[in-house]
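The primary structure of each chain is shown beneath.
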Amino acid sequence: MKSPFLEMYQILEAMKNQDLEPALKWATSNSDKLAQSGSDIVLKLHSMQFVKILQNGSRDEALHYARTYLSPFASSHIADIQKLMGSLLWTGKLDSSPYHALLSPSNWDRLAEELKRQFCNLLGQSYNSPLSVTISAGVQALPPLLKFMNVMVGKKQEWQTMNQLPVPVELDSELQFHSIFVCPVSKEQATEDNPPMLMSCGHVLCKQSISKMSKNGSKLFKCPYCPFDVDAALCKQLYF
Amino acid sequence: MEMDSLPNGNNTTGTPIAAGAGANPTAPPSSNLPQLTESLKLEHQFLRVPFEHYKKTIRANHRAVEKEMSAVISGVTDAAAADFSPDDAVNHLNSLVSRLQGLKRKLEEGSLAEHLQAQKCRARIDHLESADADNLSEWNNTRLKRILVDYMLRMSYYDTAQKLAECNNLQDLVDIDVFQEAKKVIDALQNKDVAPALAWCADNKPRLKKSKSKLEFQLRLQEFIELVRAENNLRAVAYARKYLAPWGATHMKELQRVLATLAFRRDTECATYKVLFEAKQWDYLVDQFKQEFCKLYGMTLEPLLNIYLQAGLSALKTPYCYEDDCTKEDPLSQEAFRTLALPLPYSKQHHSKLVCYITKELMDTENPPQVLPNGYVYSTKALEEMAKKNNGRIICPRSGVECNYGDLMKAYIS
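Residues numbered from 1 in each chain as written. Chains lettered and ligands numbered in written order. Predicted model: local features only at pLDDT ≥ 70, side-chain atom pairs only at ≥ 80, totals over all residues. Heavy atoms only, no water.

## What to know about the domain arrangement of chain A
Looking at the assigned domains, one finds that chain A contains domain 1 (1–128) and domain 2 (182–237). Between domain 1 of chain A and domain 2 of chain A, the C-alpha centre-to-centre distance is 51 Å. (Domains from an automatic or database assignment.)

Now the structure itself:
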């Protein structure tokens, strides 16, 4: 487990010194897997190398590099390649050209992050360490839980032994990994036995609420949001 | 595992910090700021421990000064009252002078120690104030390492804690020096020696008494049992008369139970008394000591790691986490975390939070969910992208069903 990460950090160290060799080597050896996951990092790495060669002022070398490495991507990323070709006109003077944005250091940071993401993806690992994700979730969950405990000082029930947390905890969107549907009528979370159903008006209720309101499918009822008559039989189950 | 509510420590230190962080004029008003303030309020232990340590050092230095001063003053009055020959008087006064010089040295050392500790408190306050939206991820990283060091110290992995602190320059932000004090006592207890523990109790007598601690009593009981184990019954009785009797008023039942071991001897088979002779009693003493120690310094009774992990795992736990296709970004897709989370409660939500299967982004009013004819739902962004690349055709990634972008129905979810 340790050695792939060592390799990754070595590549990132080299990139910090603007040396793309290890990164390019890694990318070419894993190019088919990267293409499969739909990532264009190989193109991005080659483009960055191209810009570097341009800055050193050798137009022929840059052109040769483009012909060898950028041409395979011509069909899929023609717009990006056109931009790079335009910058050929300002070999060695890119900072005074309309293409000076290609030189900004934030490109390196973004490329490093993208590389880290793809590397971890290929390893089957998450981008953020699970421990730090859980601790961030804990930091967000503790204030409401502590407030609850201070309020419930009399009742001796420990929150750890409950089946569900007693208070709702709002987590950041980065910590939201699964879809949770809460029925606006019963305030219950959807489960396999009680899935969300789409009514013909576009609003969504859980199955049990619909059967309750329609008296087990026997009559039409009014959607609680819009004055639309809903037939329970026409409701479609949703899969998030 | 019992979680206690974080000790309501010095509120005077808590609120100004939070107010300071919130009223920082140069901080950009981001939505993270109230959350940051809330997370700073959880850092009671961080500020309280060096503060308690500082108070203790001040008190100890003060006591030493008082002692020396009163000794010197009484020496002077003795010399004035007694009838000394000139030589004797000079010698006596010289000894008093050297004593005062010793006191001066001690005061200098004490002052240096106090200064260092005040600096440590200052460093921690600065660290809390330095948290803002720009360096948030770095600050969070430091917090994670602090939590790990705290765990290692509590579980007695002192060398590892030291290494981690050194590698990341956390020495001022963690309490390794405080735990060194505990280490001495714990090591001794594990070698079946109660002397350092009793010394610690004597040092902290007033505060232990205030919290009605039984630690000293239990240490004395254990010594008594060791005497009985060595069959020194007469000494055991003398010991009990001297040290255990004062506790009889408050803890009579326990006292009676242990005293009965005099009759039962160390190889007794009777269950009630056999358990008192077991080696596990020493482990129990170590735990008791750790609890009292943490309480004294204003630390949480459980390691911070346990508290944060329990809260975090519970907030993240949904029934979907245990399925095979759970995304690997979710910590609960890992076997170790799943096992940890098994006894914990599921998370609770009052409002729907929907995540698009394709982009993994939230589907809200800006990016509403759209429904395919077969009931599968994806975000508008993902479906628009797909339609653009495929001439308006939509292919469901999960069911393989095809349809046109125009066949999609918008769902309205609050």
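## Notes on helix α8 (residues 195–203) of chain B
The set of residues buried in α8 of chain B consists of A197, L198, W200 and C201 of chain B. Projected down its long axis, α8 of chain B carries its buried residues within an arc of 155°, all on one side. (Buried < 20%, exposed > 50% of the residue type's maximum accessible area, 1.4 Å probe, protein only. Helix = DSSP H or I, 4+ residues; strand = E, 2+ residues; numbered from the N terminus. Arc of directions from axis to C-beta.)

## Brief notes about the UniProt feature "domain: RING-Gid-type" (unreviewed entry) in chain A
Feature annotation in UniProt places "domain: RING-Gid-type" (unreviewed entry) on residues 183–226 of chain A, given in this structure's numbering. Helix makes up 16% of residues 183–226 of chain A and strand 18%, and the two end C-alpha atoms of the span are 16 Å apart. (UniProt positions renumbered as here; feature names shortened; annotations may be inferred.)

## Side note on unusual backbone geometry
Residue and element names in this part refer to chain A. With a phi close to 60°, Q18 is a non-glycine residue in the positive phi region. Among the secondary structure elements, Q18 is positioned in the loop between α1 (2–16) and α2 (21–29). With relative accessibility at 37%, the residue Q18 sits in the partly exposed group.

## Here we look at the confidence of the model for chain B
Residue and element names in this part refer to chain B. Looking at chain B as a whole, the pLDDT averages 85, with 92% of positions reaching at least 70. Below pLDDT 50 for its whole length, residues 1–30 participates in 43 contacts with residues either more than four positions away or in separate chains. Scored as a complex, the prediction yields pTM 0.82 and ipTM 0.79. (pLDDT = per-residue confidence, 0-100. Contact = heavy atoms within 4.5 Å.)

## Here's the deal with the interface of chain A and chain B
Listed per partner, the contact involves 63 residues of chain A and 67 residues of chain B. In total, about 5,700 Å² of surface goes out of reach between chain A and chain B, with carbon and sulfur atoms giving 64% of it. Where chain A touches chain B, the interface holds one salt bridge. In this structure, the salt-bridge partner of K353 of chain B is E170 of chain A, at a minimum N-O distance of 2.7 Å. One can count 19 residue pairs in polar contact (both at pLDDT 80 or more) joining chain A with chain B. A total of 17 residues in the side of chain A that touches chain B trace back to one element, the largest contributor, which is helix α8 (residues 130–151) of chain A. The class makeup of the residues in the side of chain A that touches chain B is 36 nonpolar, 22 polar and five charged. (Buried area = accessible area lost by both parts, 1.4 Å probe. Salt bridge = Lys/Arg side-chain N within 4 Å of Asp/Glu carboxyl O. Polar contact = N/O pair within 3.5 Å; in protein donor to acceptor, adjacent residues only side chain to side chain. Nonpolar A, V, L, I, M, F, W, Y, C, P; charged D, E, K, R; others polar.)

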